[in-house]
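# Secondary and tertiary structure notes
Residues per chain are reported as follows:
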Amino acid sequence: MLLLAGTIVLGGAVVQGAVGFGMNLIAAPLLAIAHPALVPVPLLLTASAFAILPLLRERGRADWRGVRWGLLGRVPGTVLGVTALALLPNRWLAVLIGLVVLVSVVLSLVAWRPRPVPGTLFTAGMFSGVFGTAAAIGGPPIALVYQHNAGPTVRTTLSAYFALGSALSLVALVASGQVHGEQLLAAGVLFPFALLGFVLSGPLRRVLDNGRTRPVLLAVASLSAAVLLGKALL
């Protein structure tokens, strides 16, 4: 069973290593079926450690100013996400989030050309906080803002954002007593698979950087929305 779980994480790591996000999108639903004990804490621990790797591989390419504005927006977004969970039925909240992501992708294809400026990043960070808290899919809002940037900038900026955001989540989980020794062990078992996926993402990363980063980024964002809508409606 752990081999299956590791293979799932490996697939998610290949996608995130090449595009900049997608590990939790791919791994969380499948791990919830194959091995529920690995979600959320062991996967979060693995993803947090994984997020540091692109920063090491492509040093100096992250937009740290953008990361700061995104994290500032994530704080009120997280509060709004908790409030939304308390007030809205989970099913329809997931439908709403999925539709918002799909509409954003369609607008990006038609006319919308977001730029990573403070106001846009703060808003995207806020939506990321809401989406990540309410539905565990916080990547698309920030990714869509950077869709017209070079692949290395997308990957490292998202990695920095996820690493710091995940660290905040882990601090909260530790403080609330939800992180235990067996979860750390499980994360230690999963991480070598994530590391292998990161290595395998290298050649794919070079292919995407040849003008293909944006369409694949939009495709992964659309997939995240489709997965969310499918879980909510089926």
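Taking an unreviewed UniProt entry as the reference, the chain is identified by name as Probable membrane transporter protein belonging to Actinopolyspora alba. Annotation of the chain in UniProt includes, under Subcellular location (unreviewed entry), the sentence "Cell membrane". Under the UniProt heading Sequence similarities (unreviewed entry), the entry covering the chain gives this text: "Belongs to the 4-toluene sulfonate uptake permease (TSUP) (TC 2.A.102) family."

Counting residues in each nonpolar core, the largest one holds 42 residues, and the members touching the most others are Val19, Phe21, Leu158 and Leu217. At the level of secondary structure, the elements contributing two or more residues to this core comprise helix H1 (2-19), helix H5 (64-87), helix H6 (90-110), helix H7 (118-135), helix H8 (139-145), helix H9 (151-175) and helix H11 (213-233). Ranked by residue count, the leading element in this core is H11, at eight residues. For phenylalanine 21, the contacting residues outside a window of four places in its chain are Val15, Gln16, Gly139, Pro140, Ala143, Leu158, Phe162, Leu217, Val220 and Ala221. Ala5, Ala28, Leu31 and Ala186 belong to the second-largest nonpolar core, a separate cluster that totals 18 residues.

A separate point is H5. With 24 residues, H5 extends 34 Å between its outermost C-alpha atoms, agreeing within 8% with the 34 Å of an ideal straight helix rising 1.5 Å per residue. The sharpest bend along H5 measures roughly 30° and falls at valine 75, with the proline proline 76 sitting one to four residues further on. Within the span of H5, buried status applies to Gly66, Val67, Gly70, Leu71, Gly73, Arg74, Gly77, Gly81 and Ala84. Buried positions along H5 lie against H6, H7, H8 and H9.

Let us look at the UniProt feature "transmembrane region" (unreviewed entry) in the chain. Residues given the UniProt feature "transmembrane region" (unreviewed entry) here are residues 33-56, 92-112, 124-146, 158-177 and 184-204. Here residues 124-146 runs as 83% helix and 0% strand, with 10 Å between its end C-alpha atoms. Helix makes up 100% of residues 184-204 and strand 0%, with an end-to-end C-alpha separation of 30 Å.

Definitions and cut-offs
Residues numbered from 1 in each chain as written. Predicted model: local features only at pLDDT ≥ 70, side-chain atom pairs only at ≥ 80, totals over all residues. Heavy atoms only, no water. UniProt positions renumbered as here; feature names shortened; annotations may be inferred. Core = buried A, V, L, I, M, F, W, Y, C linked by side-chain atoms within 4.5 Å. Buried < 20%, exposed > 50% of the residue type's maximum accessible area, 1.4 Å probe, protein only. Helix = DSSP H or I, 4+ residues; strand = E, 2+ residues; numbered from the N terminus. Contact = heavy atoms within 4.5 Å. Expected span 1.5 Å × (residues − 1). Bend = angle between axes of the 7 residues up to and from the residue.

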